[in-house]
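An overview of the molecular structure
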Amino acid sequence: MKLKRSDTALANETAIKTSEILSTKNDRHSSTRKRILNILSIPTQLRYLGMSVFVGALCACSTTQWPIAPTELAAADPSHISVKMDQLANCVSGSNQVPTLDPNQAVNLIVHGCNSSGGQYRALAEVFQKQGQQTLCFNYDDRDSITRSSDQLREVLQRLVTQVGVRDITVLGHSQGGLIARRALISGTELESTLQSKAVNLSLVTVSSPFGGIQAASHCSSTPLAILSLGLTIPICQ
């Protein structure tokens, strides 16, 4: 019997110790789990914060209109006005010189193509100048959407008519510039109403503009065609 009681006491003692060990392990595991959850919760909070910032940025972008700065006009001489306007430049002298215009004379407005700028049309502007024609260049960021660039061009045309008083304008768009110019002159806009009410003579001329889509301009990337044309497709497409 004593042996049996000893076995029973030993069994009970073993059970108690085992329970204590398991309890200690459970406490440790619980503490470890809490630490892990605390660590994991930090990236989660950061992700929520990042998402909040991203959504806020999207909302800000959706409401931004990228307005053009106010036009600055000054009398250059009895017949000419200096016109300081964002994205409007003197094609011959470059963007450093404020363009001057005679509102009573016709104006040619060149809209450059992709990977280009108004400065590359200096030779053409000089030809117009020798013929007594005024020429300006509309500069834009060709990484922007055509919609945004056309909105900016439309605003420039609106100001040339309403603020400067120009009544005869020819818009010359090359390549992507033709797409932008054509979209800027769509019907149903404030510009259309202004052109009609002010009796403005506005013409659109496009050169190598891919109105048929990318496929219409696929010859521009053709190496054999460039060789056969002795390289003529390169300056035409650019």
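Higher on the page you've got the structure.
Thresholds applied
- Residues numbered from 1 in each chain as written.
- Predicted model: local features only at pLDDT ≥ 70, side-chain atom pairs only at ≥ 80, totals over all residues.
- Heavy atoms only, no water.
- Core = buried A, V, L, I, M, F, W, Y, C linked by side-chain atoms within 4.5 Å.
- Buried < 20%, exposed > 50% of the residue type's maximum accessible area, 1.4 Å probe, protein only.
- Helix = DSSP H or I, 4+ residues; strand = E, 2+ residues; numbered from the N terminus.
- Contact = heavy atoms within 4.5 Å.
- Phe/Tyr/Trp six-rings, centres within 6.5 Å; stacked < 30°, edge-to-face > 60°.
- Lys NZ or Arg CZ within 6 Å of the ring centre and 35° of its normal.
- Axes fitted to C-alpha atoms, helices over the stretch in contact; angles between N-to-C directions.
- Parallel < 35°, antiparallel > 145°, perpendicular 65-115°, else oblique.
- Left-handed = near helix turned anticlockwise from the far one by under 90°.
- Nonpolar A, V, L, I, M, F, W, Y, C, P; charged D, E, K, R; others polar.

1. Some details on the nonpolar core
In this structure, Leu88, Leu101, Leu153 and Leu160 are the most contacted members of the largest nonpolar core, which totals 26 residues. The set of elements that each furnish at least two residues to this core consists of strand E5 (107-111), strand E6 (134-138), helix H3 (146-164), strand E7 (168-174), helix H4 (176-184) and helix H5 (190-197). The dominant element in this core, judged by the number of residues it contributes, is H3, at six residues. The residues contacting Leu160, other than those within four sequence positions of it, are Met85, Leu88, Leu101, Gly165, Val166 and Ile169. In this structure, Cys91, Val92, Tyr121 and Leu172 belong to the second largest nonpolar core, which totals eight residues.

2. Points about the packing of aromatic side chains
Applying the stated criterion across every chain yields a total of one aromatic pair. With centroids separated by 6.0 Å and ring planes inclined at 20°, the aromatic side chains of Phe138 and Tyr140 adopt a geometry described as stacked. Of the two residues, Phe138 and Tyr140, both sit in the buried class. The ring of Phe211 has Arg182 lying over it, and the distance from NZ or CZ to the ring centre is 4.6 Å.

3. Some details on the packing of H3 against H5
Two elements in contact, H3 and H5, have axes whose closest approach is 10 Å; the angle formed by their N-to-C orientations is 25°. One element, H3, and the other, H5, form an angle in the roughly parallel class. For the pair H3 and H5, the crossing hand works out as left-handed. Contacts from Arg154, Leu157, Gln158, Val161 and Thr162 in H3 reach Glu190, Leu191, Thr194 and Leu195 in H5. Within the contact of H3 with H5, the residues separate by chemical class into four nonpolar, three polar and two charged.

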